[in-house]
Amino acid sequence: MKNNKILLLFAHPSLSRSEVNRPMFKAAKELDFVTVVDLYGEYPNFKIDIDKEQQRLNAHDIVVFQFPFYWYSTPAILKEWQDLVLEYGFAYGSEGTALHGKTFMCALTAGGAEKAYRAQGYNHFTIRELLQPLEQTANLTGMKYLPPFALFASRTAVEEGRVQQHVGDYVALLTALHQGRVDLSKASELQRINDDLEAVIASTTEENK
C-alpha cells in the first residue's frame, strides 16, 4: 500500500460563517497523513513565506486546494499563494521541476445549484470548465490534475441534511489518495470526482496491501 503525503491548503475568508468547509477542514485535520494549512489563519497580512511553502510542497505527494468558489475562482489569498510560491525555476521553466509527478485536486463548495453550471445554465459553463486556469497550472507544472471534489447548492446543504455525507465522502477520498487507491485515469474523465466515487476508488486488495 502506498503512503502518499497530502498537503491541504485551506482558504476561507469568513470561516466563522462556514457551514460546509469548516466541518470538511475539521475532519481533514484529524487525518494523520494530511498536513493542513489555514492560509488566512497563518498569513492574515498576506505576507506568505515562500521558502516555507515551497518546502511544504517538496515534502508532499498530493496537493489539495480547499475553498469556497468565489466569483468563479479561488479566494484572494489562494491566488496570492499561487503567484508567489509557484516561481520560475521552482514550479516551471527548464529547471523548475519540483512539482513533477505530484497530484493536484480542488475541493470546493459552490452556492449555486448544479443545473446552473451548464452551457444553458445561469453560469454558462461547468464547474470543471471554470477551473481550467488551475487545470492548466497543474499541466504547466507537471502535476496530475484531478477533477474537483465539489458540493453544489452549499447554502442549503445543512437544512437538506447533505453535509455529513459530503464530509464522509471527503475523508474516504483523502484516505484513498493517501493509499494510492484512486484510479486517476477514470477520475480524469469526470466533471467532478465525486460524481462517481465508487468507480474511481478501488477497494483494498492484496495488490494494494
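None of the values given here were measured: they were computed from a predicted structure. (Residues numbered from 1 in each chain as written. Predicted model: local features only at pLDDT ≥ 70, side-chain atom pairs only at ≥ 80, totals over all residues. Heavy atoms only, no water.)

**Q** Sorry, what's going on with the pattern of salt bridges here?
**A** Side chains carrying opposite charge are able to pair once their charged atoms draw close together. Evaluation of the coordinates by the stated rule reveals seven salt bridges. Here Glu-42 ties to Arg-56 by a salt bridge, and the two come within 3.2 Å at their closest N and O atoms. With Glu-42 in helix α2 (residues 39-42) and Arg-56 in helix α3 (residues 50-58), this pair connects stretches of sequence that are 14 residues apart. For Glu-42, a relative accessible area of 29% puts it in the partly exposed group. Residue classification places Arg-56 among the buried positions, given a relative accessible area of 16%. Glu-135 is paired through a salt bridge with Arg-128; the nearest N and O atoms lie 3.1 Å apart. It is possible to trace a salt-bridge network through shared partners that takes in Glu-42, Lys-52, Glu-53 and Arg-56. (Salt bridge = Lys/Arg side-chain N within 4 Å of Asp/Glu carboxyl O. Helix = DSSP H or I, 4+ residues; strand = E, 2+ residues; numbered from the N terminus. Buried < 20%, exposed > 50% of the residue type's maximum accessible area, 1.4 Å probe, protein only.)

**Q** Any chance you could explain the side chain of Arg-128 here in plain terms?
**A** Following the sequence through the fold, Arg-128 ends up in helix α5 (residues 127-130). You can call Arg-128 buried: its relative accessible area is 13%. One polar contact links Arg-128 to Glu-135, side chain to side chain, over a distance of 3.1 Å. A polar contact of 2.8 Å, which involves the side chain of Arg-128, links it to the backbone oxygen of Ser-188. Not counting residues within four places of it along the chain, the set of residues in contact with Arg-128 comprises Glu-135, Tyr-145, Pro-147, Ala-187, Ser-188, Leu-190 and Gln-191. (Polar contact = N/O pair within 3.5 Å; in protein donor to acceptor, adjacent residues only side chain to side chain. Contact = heavy atoms within 4.5 Å.)

**Q** What's the story with the packing of aromatic side chains in this structure? I'm lost.
**A** Centre-to-centre distance and the angle between the planes together describe a pair of aromatic rings. Overall, the coordinates contain nine aromatic pairs when judged by the stated rule. A centroid spacing of 4.3 Å and a plane angle of 15 degrees characterise the contact between Phe-10 and Phe-25, whose relative ring orientation is stacked. Here Phe-10, found in strand β1 (residues 6-10), pairs with Phe-25, found in helix α1 (residues 21-29); they are 15 residues apart in sequence, far enough to count as distant. What makes Phe-10 buried here is its relative accessible area of 0%. A relative accessible area of 9% places Phe-25 in the buried class. By the ring-pair criterion, three or more aromatic residues cluster together here, those being Phe-65, Trp-81, Phe-104 and Tyr-145. (Phe/Tyr/Trp six-rings, centres within 6.5 Å; stacked < 30°, edge-to-face > 60°.)

**Q** What exactly am I supposed to notice about a nonpolar patch on the surface here?
**A** Together, Tyr-70, Trp-71, Tyr-72 and Tyr-122 line one region of the surface with nonpolar side chains, adding up to about 600 Å² of accessible area. Position of Tyr-72 relative to the elements: it lies in the loop between β3 (62-68) and α4 (76-85). Here Tyr-72 falls in the partly exposed class, since its relative accessible area comes to 37%. (Patch = residues over 30% accessible without salt bridge, like charges linked within 9 Å, V, L, I, M, F, W, Y side chains within 5 Å. Areas by Shrake-Rupley, 256 points an atom, 1.4 Å probe, with all protein chains shown as cover.)

**Q** Is there a simple way to explain the pairing of strand β4 (residues 103-109) in this structure?
**A** Along any regular strand the residues' side chains alternate between the sheet's two faces. Along β4, seven of the seven residues are buried, which leaves the element largely enclosed by surrounding structure. Taking every second residue as pointing to the same face, both faces of β4 are buried, with Thr-103, Met-105, Ala-107 and Thr-109 on one and Phe-104, Cys-106 and Leu-108 on the other. Direction of pairing for β3 relative to β4: parallel, over a ladder of seven bridges. The residue bridging Val-63 from the neighbouring strand is Phe-104, located in β4. (Pairing = 2+ DSSP bridges.)

**Q** I keep staring at the environment of Gly-93 and nothing clicks. Help me out?
**A** Take Gly-93: it is sitting in the loop between α4 and β4. Between the C-alpha atoms of Gly-93 and Tyr-117, which are 24 residues apart in sequence, the distance is 34 Å.

**Q** Help me out: how do you make sense of the packing of α3 against α4 in this one?
**A** Direction vectors running N to C along α3 and α4 enclose 90 degrees, while the axes themselves pass 10 Å from each other. By the criterion of interaxial angle, the relationship of α3 to α4 is roughly perpendicular. Counting all contacts with α3, which are made through Ile-50, Glu-53, Gln-54 and Leu-57, the residues of α4 involved are Trp-81, Leu-84 and Val-85. Across the contact of α3 with α4, the residue classes tally to five nonpolar, one polar and one charged. (Axes fitted to C-alpha atoms, helices over the stretch in contact; angles between N-to-C directions. Parallel < 35°, antiparallel > 145°, perpendicular 65-115°, else oblique. Nonpolar A, V, L, I, M, F, W, Y, C, P; charged D, E, K, R; others polar.)

**Q** Would you mind showing me how to read the nonpolar core here?
**A** As a rule of thumb, soluble globular proteins bury nonpolar side chains together. Within the largest apolar cluster, 35 residues are counted, with the highest numbers of intra-cluster contacts made by Leu-9, Leu-57, Phe-65, Phe-67, Phe-69, Trp-81 and Phe-104. Listed by contribution, the elements that provide at least two residues to this core are β1, β3, α4, β4, α5 and α6 (132-140). Ranked by residue count, the leading element in this core is α4, at four residues. Phe-25, Ala-27, Met-105 and Leu-174 belong to the second largest nonpolar core, which has 33 residues in total. (Core = buried A, V, L, I, M, F, W, Y, C linked by side-chain atoms within 4.5 Å.)

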